[in-house]
Amino acid sequence: MSDTMRTLVVKGDELEPWLGDVADLRIRVFRDFPYLYDGSRDYEEAYLHTYTKTDTSICVLALDGERVVGASTGLAMADETEEFRQPLLDAGWDIESIFYCAESTLLPEYRGRGLYRAFFDEREAHARHLGKRTSMFCAVQRPIDHPLRPADYQPLDSIWRHFGYQPMPDRMASFRWKDIDQSQETDKQLLFYQKAL
(Lines give C-alpha, C1' and ligand atoms only; values in the text may rest on other atoms or scores of the structure.)
Protein backbone atom coordinates (compact mmCIF):
# COMPACT_ATOMS: atom_id res chain seq x y z
CA MET A 1 0.00 0.00 0.00
CA SER A 2 1.10 3.57 -0.64
CA ASP A 3 1.84 6.11 2.08
CA THR A 4 -1.61 7.64 1.53
CA MET A 5 -3.46 4.31 1.97
CA ARG A 6 -4.96 3.11 5.23
CA THR A 7 -7.82 1.05 6.55
CA LEU A 8 -10.33 2.27 9.09
CA VAL A 9 -12.67 -0.04 11.02
CA VAL A 10 -16.06 1.35 12.01
CA LYS A 11 -18.76 -0.54 13.89
CA GLY A 12 -22.47 -0.04 14.39
CA ASP A 13 -23.56 3.59 14.13
CA GLU A 14 -19.95 4.71 13.53
CA LEU A 15 -20.73 3.94 9.87
CA GLU A 16 -23.30 6.75 9.70
CA PRO A 17 -20.94 9.53 8.46
CA TRP A 18 -19.62 7.21 5.72
CA LEU A 19 -22.97 5.97 4.35
CA GLY A 20 -23.00 8.17 1.25
CA ASP A 21 -19.42 7.30 0.28
CA VAL A 22 -20.00 3.57 0.76
CA ALA A 23 -23.30 3.72 -1.15
CA ASP A 24 -21.62 5.46 -4.11
CA LEU A 25 -18.80 2.91 -4.08
CA ARG A 26 -21.23 -0.02 -4.09
CA ILE A 27 -23.13 1.45 -7.05
CA ARG A 28 -19.88 1.92 -9.01
CA VAL A 29 -18.31 -1.49 -8.28
CA PHE A 30 -21.47 -3.58 -8.54
CA ARG A 31 -22.21 -2.25 -12.06
CA ASP A 32 -19.41 -4.53 -13.25
CA PHE A 33 -19.81 -8.20 -14.08
CA PRO A 34 -20.95 -10.45 -12.46
CA TYR A 35 -23.39 -8.26 -10.50
CA LEU A 36 -24.35 -5.86 -13.33
CA TYR A 37 -26.36 -3.95 -10.74
CA ASP A 38 -28.17 -0.80 -11.78
CA GLY A 39 -28.33 0.70 -8.30
CA SER A 40 -29.60 3.89 -6.72
CA ARG A 41 -28.13 5.91 -3.88
CA ASP A 42 -31.45 6.03 -2.00
CA TYR A 43 -31.76 2.25 -1.99
CA GLU A 44 -28.13 1.76 -1.03
CA GLU A 45 -28.25 4.19 1.87
CA ALA A 46 -31.47 2.59 3.14
CA TYR A 47 -29.87 -0.86 2.92
CA LEU A 48 -26.70 0.29 4.68
CA HIS A 49 -28.75 1.69 7.57
CA THR A 50 -29.18 -1.99 8.59
CA TYR A 51 -25.54 -1.85 9.69
CA THR A 52 -25.99 1.28 11.79
CA LYS A 53 -28.76 -0.33 13.84
CA THR A 54 -26.83 -3.26 15.33
CA ASP A 55 -23.69 -3.49 17.42
CA THR A 56 -22.72 -6.73 15.63
CA SER A 57 -21.90 -4.88 12.38
CA ILE A 58 -18.52 -3.90 11.01
CA CYS A 59 -17.34 -1.93 8.00
CA VAL A 60 -13.67 -1.97 7.00
CA LEU A 61 -13.00 1.16 4.96
CA ALA A 62 -10.05 1.44 2.58
CA LEU A 63 -9.01 5.09 2.35
CA ASP A 64 -6.64 6.84 -0.03
CA GLY A 65 -6.12 10.02 1.90
CA GLU A 66 -9.73 10.80 2.85
CA ARG A 67 -11.25 9.19 -0.25
CA VAL A 68 -13.15 5.92 0.25
CA VAL A 69 -11.81 3.49 -2.37
CA GLY A 70 -13.00 0.26 -0.76
CA ALA A 71 -15.41 -1.01 1.87
CA SER A 72 -16.13 -4.40 3.36
CA THR A 73 -19.17 -5.03 5.53
CA GLY A 74 -20.43 -7.77 7.81
CA LEU A 75 -22.76 -8.50 10.71
CA ALA A 76 -24.27 -11.33 12.69
CA MET A 77 -26.46 -13.47 10.42
CA ALA A 78 -29.28 -13.13 12.95
CA ASP A 79 -29.29 -9.37 12.18
CA GLU A 80 -29.39 -9.84 8.40
CA THR A 81 -32.52 -9.70 6.24
CA GLU A 82 -34.84 -12.68 5.86
CA GLU A 83 -33.60 -13.40 2.31
CA PHE A 84 -30.19 -14.30 3.72
CA ARG A 85 -31.38 -16.06 6.87
CA GLN A 86 -34.16 -18.24 5.50
CA PRO A 87 -32.13 -20.62 3.26
CA LEU A 88 -29.94 -21.42 6.26
CA LEU A 89 -32.86 -21.83 8.64
CA ASP A 90 -34.48 -24.17 6.09
CA ALA A 91 -31.31 -26.27 6.13
CA GLY A 92 -31.29 -26.46 9.93
CA TRP A 93 -28.36 -24.13 10.55
CA ASP A 94 -28.02 -22.34 13.88
CA ILE A 95 -27.92 -18.77 12.58
CA GLU A 96 -26.92 -17.48 16.01
CA SER A 97 -23.49 -19.08 15.41
CA ILE A 98 -22.96 -17.48 11.98
CA PHE A 99 -21.31 -14.22 10.95
CA TYR A 100 -22.22 -12.88 7.53
CA CYS A 101 -19.37 -11.31 5.52
CA ALA A 102 -21.73 -9.23 3.43
CA GLU A 103 -19.95 -7.39 0.59
CA SER A 104 -16.46 -6.27 -0.33
CA THR A 105 -16.13 -3.46 -2.84
CA LEU A 106 -12.81 -2.10 -4.06
CA LEU A 107 -12.08 0.17 -7.00
CA PRO A 108 -10.18 -1.72 -9.73
CA GLU A 109 -7.04 0.41 -9.52
CA TYR A 110 -6.61 -0.50 -5.83
CA ARG A 111 -6.84 -4.27 -6.24
CA GLY A 112 -3.81 -6.49 -5.73
CA ARG A 113 -2.45 -4.40 -2.81
CA GLY A 114 -3.41 -6.67 0.10
CA LEU A 115 -6.63 -4.86 0.95
CA TYR A 116 -8.82 -7.89 0.25
CA ARG A 117 -6.92 -9.88 2.88
CA ALA A 118 -7.34 -7.03 5.36
CA PHE A 119 -11.07 -7.05 4.65
CA PHE A 120 -11.37 -10.74 5.55
CA ASP A 121 -8.96 -10.57 8.51
CA GLU A 122 -10.81 -7.69 10.18
CA ARG A 123 -14.27 -9.17 9.66
CA GLU A 124 -13.25 -12.63 10.87
CA ALA A 125 -11.55 -11.18 13.95
CA HIS A 126 -14.76 -9.28 14.70
CA ALA A 127 -16.81 -12.46 14.19
CA ARG A 128 -14.62 -14.39 16.63
CA HIS A 129 -14.92 -11.55 19.15
CA LEU A 130 -18.70 -11.94 18.87
CA GLY A 131 -18.35 -15.67 19.56
CA LYS A 132 -19.40 -16.80 16.08
CA ARG A 133 -18.24 -20.20 14.87
CA THR A 134 -18.85 -19.88 11.12
CA SER A 135 -18.29 -17.13 8.58
CA MET A 136 -20.35 -17.01 5.37
CA PHE A 137 -20.99 -14.87 2.33
CA CYS A 138 -22.94 -15.13 -0.94
CA ALA A 139 -21.86 -14.64 -4.55
CA VAL A 140 -24.11 -14.17 -7.57
CA GLN A 141 -24.13 -16.98 -10.12
CA ARG A 142 -24.00 -16.11 -13.82
CA PRO A 143 -23.84 -18.45 -16.83
CA ILE A 144 -20.47 -18.94 -18.52
CA ASP A 145 -21.94 -17.64 -21.78
CA HIS A 146 -23.55 -14.50 -20.30
CA PRO A 147 -23.48 -11.81 -23.04
CA LEU A 148 -21.96 -9.19 -20.71
CA ARG A 149 -19.21 -11.45 -19.35
CA PRO A 150 -15.86 -9.78 -20.20
CA ALA A 151 -13.42 -11.94 -22.15
CA ASP A 152 -10.79 -11.44 -19.44
CA TYR A 153 -13.13 -12.03 -16.47
CA GLN A 154 -11.51 -14.03 -13.66
CA PRO A 155 -13.87 -15.55 -11.05
CA LEU A 156 -12.79 -15.08 -7.43
CA ASP A 157 -13.41 -18.70 -6.37
CA SER A 158 -9.69 -19.53 -6.15
CA ILE A 159 -9.08 -16.47 -3.95
CA TRP A 160 -12.00 -17.35 -1.68
CA ARG A 161 -10.67 -20.90 -1.34
CA HIS A 162 -7.25 -19.45 -0.52
CA PHE A 163 -8.88 -17.60 2.38
CA GLY A 164 -10.52 -20.85 3.52
CA TYR A 165 -14.03 -20.46 2.12
CA GLN A 166 -15.79 -23.40 0.49
CA PRO A 167 -18.92 -23.26 -1.69
CA MET A 168 -22.14 -24.79 -0.41
CA PRO A 169 -23.62 -26.18 -3.66
CA ASP A 170 -27.00 -26.99 -2.13
CA ARG A 171 -27.51 -23.63 -0.43
CA MET A 172 -28.67 -20.60 -2.43
CA ALA A 173 -30.28 -17.25 -1.68
CA SER A 174 -32.52 -15.42 -4.15
CA PHE A 175 -32.61 -11.65 -4.72
CA ARG A 176 -34.14 -9.31 -7.25
CA TRP A 177 -32.43 -6.34 -8.84
CA LYS A 178 -32.30 -4.59 -12.20
CA ASP A 179 -29.33 -5.41 -14.40
CA ILE A 180 -27.71 -2.55 -16.30
CA ASP A 181 -28.98 -3.96 -19.63
CA GLN A 182 -32.52 -4.73 -18.47
CA SER A 183 -35.67 -2.66 -18.06
CA GLN A 184 -36.96 -4.37 -14.90
CA GLU A 185 -35.83 -6.39 -11.91
CA THR A 186 -35.24 -10.14 -12.25
CA ASP A 187 -34.44 -12.90 -9.77
CA LYS A 188 -30.78 -13.70 -9.15
CA GLN A 189 -29.36 -16.80 -7.48
CA LEU A 190 -26.51 -16.33 -5.00
CA LEU A 191 -24.40 -19.22 -3.76
CA PHE A 192 -23.31 -19.43 -0.12
CA TYR A 193 -19.67 -19.96 0.85
CA GLN A 194 -18.59 -20.90 4.37
CA LYS A 195 -15.55 -21.10 6.62
CA ALA A 196 -15.21 -22.48 10.13
CA LEU A 197 -13.74 -19.89 12.49
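The present account deals with the structure reproduced in this document.

Summing up its helical and strand segments, the protein chain has five helices and eight strands in all. Tracing the protein chain from N to C terminus, the helices and strands come up as β-α-α-β-β-α-β-β-α-β-α-β-β. Rg of the C-alpha trace for the protein chain: 16 Å, near the compact-globule value of 16 Å for 197 residues, within the 12% margin. Considering only C-alpha atoms, the protein chain reaches an extent of 40 × 40 × 35 Å along its principal axes. Expressed as a percentage of its 197 residues, the buried residues of the protein chain come to 47%. Put simply, 71% of the contacts in the protein chain that link residues at least 6 apart link residues at least 24 apart. Here the protein chain displays about 9900 Å² of accessible surface, and carbon together with sulfur accounts for 47% of that area. The protein chain carries 24 positive and 34 negative side-chain charges, and their two centres are separated by 4 Å.

The tally for this structure, following the rule as stated, stands at 16 aromatic pairs. Ring plane angle 50° and centroid distance 6.1 Å describe the contact between tyrosine 116 and phenylalanine 163, whose orientation is recorded as tilted. Pair noted here: tyrosine 116 is in helix 4 (residues 115-129) and phenylalanine 163 is in the loop between helix 5 (157-162) and strand 7 (166-178), with a separation of 47 residues, a long-range link. With a relative accessible area of 22%, tyrosine 116 lands in the partly exposed category. In this structure an aromatic cluster arises from ring pairing among Tyr116, Phe120, Phe137, Trp160, Phe163, Tyr165 and Tyr193. One residue, arginine 123, lies across the ring of phenylalanine 120, its end atom 4.7 Å from the ring centre.

On to the environment of glutamine 154, then. Along the chain, glutamine 154 falls in the loop between strand 6 (134-140) and helix 5. The sequence separation of glutamine 154 and glutamate 66 amounts to 88 residues, and the corresponding C-alpha distance is 30 Å.

Criteria and cut-off values
Residues numbered from 1 in each chain as written. Predicted model: local features only at pLDDT ≥ 70, side-chain atom pairs only at ≥ 80, totals over all residues. Heavy atoms only, no water. Helix = DSSP H or I, 4+ residues; strand = E, 2+ residues; numbered from the N terminus. Rg over C-alpha atoms; globule rule 2.2 N^0.38 Å. Buried < 20%, exposed > 50% of the residue type's maximum accessible area, 1.4 Å probe, protein only. Contact = heavy atoms within 4.5 Å. Areas by Shrake-Rupley, 256 points an atom, 1.4 Å probe, with all protein chains shown as cover. Lys, Arg positive; Asp, Glu negative; His and termini not counted. Charge placed at Lys NZ, Arg CZ, Asp CG, Glu CD. Phe/Tyr/Trp six-rings, centres within 6.5 Å; stacked < 30°, edge-to-face > 60°. Lys NZ or Arg CZ within 6 Å of the ring centre and 35° of its normal.

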